[in-house]
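Descriptive analysis of the structure
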Amino acid sequence: MISEVTGIHRIRMLYVQLLYRCNFECLHCFHGKRLQHADAFTADEAINLLTLMRDQYGTEAVTLLGGEPFVYRDLTQVVQYAKRDLGLRVEICTNGYRIERRLTEIAPDLDLLRVSLEGIGSTNDQIRKFGSYRSALSALEIAQHLGVRTGATMTVTSRNIEEVLPLARVLQGYGVEQLKLHCLRPVGNAAAHPELLITEPTAYTRLRSRLDAADLEIEVIVDEDLSADGAPDTCVPDGGPVEIERIEADPRGALTMSCKAVGKDSHAFWYDKLADHIDHRPSPTDELTLAVPDVVYGRV
């Protein structure tokens with residue numbers, strides 16, 4: 001259905017939000033009140049979607065996230081099927097909180113563990129959860145012992161922008177290969193915390209300059225809103241794309257391929273869990289805007 005409507009025939013990566021439920025209530029979380037919703041993929045639904053995307057769109061990698069994917073009951077089953085039966089590259093995005101036992105179970109089938117951190121020590125814990133900084137570092141350490149490659153994410157806010165480089169250096173010490181930096185958007189929980197937004201016009205310029213000058217071993221990737229030119233209004237190339245980098249499925253089955261879709265509830269495509277196919281459900285506010293490459297600093 002996607003190819004018929006858009007002309008897109010290949011989607012390299014699938015991001016699956018397995019569930020909304022989470023054991024954190026982070027101040028900046030874009031899900032907001034949806035964290036309390038019961039929507040979730042069953043193991044069969046998740047596996048069916050993975051299979052459909054691989055077979056119809058040549059998808060070669062899946063990122064599992066939530067909510068918190070490590071509180072998802074059938075995580076091991078989905079990870080093993082994705083890797084062993086479908087041959088997909090499997091990544092998980094997690095808060096890293098007390099995941100050691102389940103991480104050990106899935107380690108042989110996991111290509112990358114990506115842990116979210118929002119700064120050093122108390123800076124992180126005030127945004128995420130008390131004790132989460134130590135727990136996240138422990139998860140990274142265990143992953144290293146298990147032979148699982150690791151990455152990290154950080155949402156840049158007024159509270160932690162000065163800790164980007166210090167955190168990057170800490171992560172280097174834990175063998176983390178890559179740090180992704182995201183721009184905070186005033187949606188979900190962040191809408192109730194406007195003090196987290198960065199309003200100083202040159203703050204991102206200074207951050208980019210420090211990243212340029214830093215001698216980092218870790219690769220640092222910033223999303224397009226943090227880049228010098230900012231994100232484009234529309235990301236569709238002239239003539240329309242044949243291939244895109246990623247598509248994301250939320251726990252209801254709504255599919256998003258927008259570079260600025262966080263917090264929006266307008267979806268042109270839905271995965272019908274019962275019928276195991278993708279529907280086109282256009283609405284007056286639907287916009288097809290596709291993700292563009294991020295900016296990379298540090299080691300490549």
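Residues numbered from 1 in each chain as written. Predicted model: local features only at pLDDT ≥ 70, side-chain atom pairs only at ≥ 80, totals over all residues. Heavy atoms only, no water.

This brings us to the overall build of the protein chain. When you go through the protein chain residue by residue, the secondary structure sums to 8 helices and 12 strands. In the protein chain, which comprises 300 residues, the proportion classed as buried is 53%. Here the contacts in the protein chain between residues at least 6 apart in sequence split such that 74% fall between residues at least 24 apart. For the protein chain, the exposed area adds up to about 13500 Å²; of that, 49% sits on carbon and sulfur atoms. (Helix = DSSP H or I, 4+ residues; strand = E, 2+ residues; numbered from the N terminus. Buried < 20%, exposed > 50% of the residue type's maximum accessible area, 1.4 Å probe, protein only. Contact = heavy atoms within 4.5 Å. Areas by Shrake-Rupley, 256 points an atom, 1.4 Å probe, with all protein chains shown as cover.)

Right, let's get into the pattern of salt bridges. In the structure shown here, the tally under the stated rule is 19 salt bridges. With its nearest N and O atoms 2.6 Å apart, the salt bridge here joins Arg12 to Glu245. Taken as a pair, Arg12 in strand S1 (residues 10-17) and Glu245 in strand S8 (residues 243-249) lie far apart in primary sequence, 233 residues in all. Given a relative accessible area of 23%, Arg12 falls into the partly exposed group. One salt-bridge network, in which partners are shared between bridges, spans Arg10, Arg12, Glu60, Glu243 and Glu245. (Salt bridge = Lys/Arg side-chain N within 4 Å of Asp/Glu carboxyl O.)

Take Gly119: it is sitting in the loop between strand S4 (112-116) and helix H5 (122-127). Residues Gly119 and Asn160, 41 residues apart in the sequence, show an inter-C-alpha distance of 5.6 Å. Not counting chain neighbours up to four residues away, the residues in contact with Gly119 comprise Asn124, Tyr133, Met154, Glu163 and Leu167.

Here the structure, examined in full by the defined rule, presents 1 aromatic pair. We note Arg246 situated over the ring of Tyr15; from NZ or CZ to the ring centre the distance is 3.7 Å. We note Lys273 situated over the ring of Phe41; from NZ or CZ to the ring centre the distance is 4.4 Å. (Phe/Tyr/Trp six-rings, centres within 6.5 Å; stacked < 30°, edge-to-face > 60°. Lys NZ or Arg CZ within 6 Å of the ring centre and 35° of its normal.)

Attention now moves to the side chain of Thr153. By the element assignment, Thr153 lies in strand S5 (residues 149-156). Look past the residues within four positions of Thr153 in its chain and what remains in contact with it is Arg114, Val115, Ser116, Leu117, Leu179, Lys180 and His182.

Of all the 5 residues making up strand S2 (residues 61-65), 5 are buried; the element is thus mostly covered by neighbouring parts of the structure. Residues of S2 alternate between two faces, with Ala61, Thr63 and Leu65 on one and Val62 and Leu64 on the opposite face, all of them buried. On the question of chirality, the crossover connecting S1 to the parallel S2 by way of helix H2 (residues 43-57) is right-handed. Pairing analysis gives 4 bridges linking S2 to strand S3 (residues 89-94), with the strands arranged parallel. (Right-handed = clockwise from strand over helix to strand, strands pointing away. Pairing = 2+ DSSP bridges.)

Overall, the prediction assigns the protein chain a mean pLDDT of 88, with 85% of residues at 70 or greater. The low-confidence segment residues 284-293 (pLDDT under 50) makes 31 contacts with residues lying over four places distant or belonging to another chain. (pLDDT = per-residue confidence, 0-100.)

Its 15 residues place the ends of H2 21 Å apart at the C-alpha level, agreeing with the 21 Å of an ideal helix rising 1.5 Å per residue. Residues of H2 that are buried: Ala43, Glu45, Ala46, Ile47, Leu49, Leu50, Thr51, Leu52, Met53 and Tyr57. In the segment just after H2, Gly58 is the residue with positive phi, at about 65°. (Expected span 1.5 Å × (residues − 1).)

A few words on the nonpolar core. Generally speaking, soluble globular proteins have nonpolar side chains that are buried together. One finds Ile2, Leu64, Leu113 and Leu181 to be the most contacted residues of the largest nonpolar core, which totals 74 residues. No other element matches H2, which puts 7 residues into this core. If sequence neighbours within four positions are ignored, Leu181 has contacts with Met154, Val156, Val164, Leu207, Leu211, Val220, Ile221, Val222, Asp223 and Leu226. (Core = buried A, V, L, I, M, F, W, Y, C linked by side-chain atoms within 4.5 Å.)

With that settled, the discussion passes to the packing of H2 against helix H3 (residues 75-85). Running from N to C, H2 and H3 point in directions that differ by 25°, and their axes come no closer than 9 Å. Judged by the angle between their axes, H2 and H3 are roughly parallel. When the axes of H2 and H3 are compared, the crossing they make is right-handed. The segment H2 lies against H3, with Ala43, Asp44, Ala46, Ile47, Leu50, Thr51 and Arg54 engaging Gln77, Val78, Tyr81, Ala82 and Asp85. Tallied by class, residues from the contact of H2 with H3 come to 7 nonpolar, 2 polar and 3 charged. (Axes fitted to C-alpha atoms, helices over the stretch in contact; angles between N-to-C directions. Parallel < 35°, antiparallel > 145°, perpendicular 65-115°, else oblique. Left-handed = near helix turned anticlockwise from the far one by under 90°. Nonpolar A, V, L, I, M, F, W, Y, C, P; charged D, E, K, R; others polar.)

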